[in-house]
Amino acid sequence: MMGTKFLQWDLVPIPLMQFKKVNVRRLQRWLLKLASAILMEPLYMGLRRRLGEPFTRRLQMEQSKERTYFTQERKKRKKRTSSERTVVFESLQLGSTFHRPELVRNCLEQSLKKLKFDYLDLFIIHIPVSLKPGPDLSPMDENGKLIFDVVDLRQTWEAMEACKDAGLVKSIGVSNFNRRQLEMILNKPGLKYKPVLNQVECHPYLNQSKLLAFCKSKDILLEAYCALGSQRDKMWIDQSTPVLLEDPVLGAIAKKYNRSPALVALRYQLQRGIVVLFKSFTRKRIEENFQIFDFQLSEEDMKTIDGLNKNLRYLNLIQLVDHPQFPFKDE
């Protein structure tokens, strides 16, 4: 999720809800309806894979091989009709080099053109850290450090609102915003649309309880990435950090319910009213993921998992820590 660039296609399997309350039964019906399609066509899933139509997860366009594959696949498809588009919830993230308001709509329109879509369901600001605009999506100086830009994100948000008014997106949101940055948007004079969601790292070791409470109070959905504790990519993750799914407390609860620690971690978030983003590379685990609706954690077990919180962030993004808009210095 993090470390991706513009042209990351953030195609998230979220049912068409109003982003006000997570309707679990509706979510369950929606997922089960698509289960057969998922299991029959596991083509290219996860960060570097796509799970064929109509359940597309996440595409990272960082490697030329993947970019070529994605382009070829899109060329084979006809533009979706409005009825077909109701099957897939598609979203895109605004990259850090496109925060200047005059760049936002062009960024979106170019993406829509490549996707062969008339609109997106969701458009979010990837991270509130602005980088120098230009062809380089990770602009570096002669010392190999990222070149920062400083943009008033309220102006960026106004440009996002204009995209919604133009019918290019149905909903707009943010990612990796802390409370202070959310309040900056919410308190903006002339605000037309508040963010429908805030996508953040969230798992039992970083349960984001304060941010969750604030988002609920403002009717903003919280969406969790790294919900299972990250993939431990050496490029981004400190390898000395504990492995969430090996936690003995989580393991004991999983044994109690005859479920995997992963399912318990996901169910924990679902019962808190959080949408979770997760992936799998194997048929067995894909099938297992649908068992998330087959059990419910007791109030006591929920509190026990709450107690695992360490405020441990797997994705620290130390490359950005000196940026004035760096979001992880406060909650």
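Just so you know, these numbers come straight off a predicted model, no measurement behind them.

Colleague: Would you mind going over the overall build of the protein chain with me for this structure?
Modeller: Counting secondary structure elements, the protein chain contains 11 helices and 8 strands. Burial status across the protein chain gives 53% buried among its 331 residues. Taking the intrachain contacts of the protein chain between residues at least 6 apart in sequence as the baseline, contacts between residues at least 24 apart amount to 73%. Surface summary for the protein chain: the accessible area is close to 16,000 Å², and the carbon and sulfur share equals 50%.

Colleague: Quick question: what am I supposed to make of the sheet that holds strand 3 (residues 91-94) here?
Modeller: Strand pairing in a sheet is mediated by backbone hydrogen bonds. Such pairs are either parallel or antiparallel. Within the open sheet, the 6 strands sit side by side as 3-4-5-6-7-8. Their pairing is parallel. Strand pairing shows two members of the sheet lacking a second neighbour, strand 3 and strand 8 (275-276), which therefore form its edges. One ladder, built from 5 bridges, connects strand 6 (residues 197-201) with strand 7 (residues 221-225); its direction is parallel. Its bridge partner lying in strand 7, Gln199 is registered against Glu223. In the packing of helix 4 (residues 101-115) onto the sheet, contacts are made with strand 3, strand 4 (120-125) and strand 5 (169-175), and the angle to strand 4 comes to roughly 140 degrees. In this fold helix 5 (residues 153-165) packs onto strand 3, strand 4 and strand 5, with an angle of close to 160 degrees to the strand it touches most, strand 5.

Colleague: How should helix 5 be read in this particular structure?
Modeller: Three- or four-residue spacings in an α-helix give side chains the same orientation, since the helix completes a turn every 3.6 residues. Compared with an ideal rise of 1.5 Å per residue, which puts 13 residues at 18 Å, helix 5 spans 18 Å between its outermost C-alpha atoms and is within 8% of the ideal. Those residues of helix 5 that sit buried are Leu153, Thr156, Trp157, Ala159, Met160, Glu161 and Cys163. For helix 5, the elements touching its buried residues are strand 3, helix 4, strand 4, strand 5 and helix 6 (179-186). The first or second residue beyond helix 5 is Gly167, which carries a positive phi of 80 degrees.

Colleague: When you look at the packing of helix 8 (residues 248-257) against helix 9 (residues 261-271) in this model, what are you seeing that I'm missing?
Modeller: Two packed helices can be described by the angle between their axes and the distance between those axes. Packing of helix 8 against helix 9 brings their axes to within 8 Å, and their N-to-C directions diverge by 95 degrees. Here helix 9 runs roughly perpendicular to helix 8, going by the angle between their axes. Residues Leu250, Gly251, Ile253 and Ala254 of helix 8 form the contact with helix 9, whose participating residues are Pro261, Val264 and Ala265. Here the residues of the contact of helix 8 with helix 9 are counted per class, giving 6 nonpolar, 1 polar and no charged.

Colleague: Help me understand the packing of aromatic side chains in this model?
Modeller: This structure, assessed with the given rule, holds 2 aromatic pairs. With a centroid separation of 5.8 Å and an interplanar angle of 45 degrees, the aromatic rings of Tyr257 and Phe295 are classed as tilted. Pair noted here: Tyr257 is in helix 8 and Phe295 is in the loop between helix 10 (283-289) and helix 11 (299-306), with a separation of 38 residues, a long-range link. Across this residue pair, the class does not change: Tyr257 and Phe295 are buried. Between Phe326 and Phe328, the aromatic rings sit 5.3 Å apart at their centres with planes inclined by 70 degrees, giving edge-to-face as the arrangement. You'll find Phe326 and Phe328 in the same group, each marked buried. The ring of Tyr193 carries the charged tip of Lys164 above its face, separated from the ring centre by 4.9 Å. Lying over the aromatic face of Phe328, Arg313 brings its terminal NZ or CZ to 3.9 Å of the ring centre.

Colleague: I keep staring at the side chain of Asp301 and nothing clicks. Help me out?
Modeller: Here Asp301 shows up in helix 11. With a relative accessible area of 6%, Asp301 lands in the buried category. Only 2.9 Å separates the side chain of Asp301 from the side chain of Lys256, close enough to count as a polar contact. Excluding residues within four positions of it along the chain, Asp301 makes contact with Ile253, Lys256 and Tyr257.

Rules of the game
- Residues numbered from 1 in each chain as written.
- Predicted model: local features only at pLDDT ≥ 70, side-chain atom pairs only at ≥ 80, totals over all residues.
- Heavy atoms only, no water.
- Helix = DSSP H or I, 4+ residues; strand = E, 2+ residues; numbered from the N terminus.
- Buried < 20%, exposed > 50% of the residue type's maximum accessible area, 1.4 Å probe, protein only.
- Contact = heavy atoms within 4.5 Å.
- Areas by Shrake-Rupley, 256 points an atom, 1.4 Å probe, with all protein chains shown as cover.
- Pairing = 2+ DSSP bridges.
- Axes fitted to C-alpha atoms, helices over the stretch in contact; angles between N-to-C directions.
- Expected span 1.5 Å × (residues − 1).
- Parallel < 35°, antiparallel > 145°, perpendicular 65-115°, else oblique.
- Nonpolar A, V, L, I, M, F, W, Y, C, P; charged D, E, K, R; others polar.
- Phe/Tyr/Trp six-rings, centres within 6.5 Å; stacked < 30°, edge-to-face > 60°.
- Lys NZ or Arg CZ within 6 Å of the ring centre and 35° of its normal.
- Polar contact = N/O pair within 3.5 Å; in protein donor to acceptor, adjacent residues only side chain to side chain.

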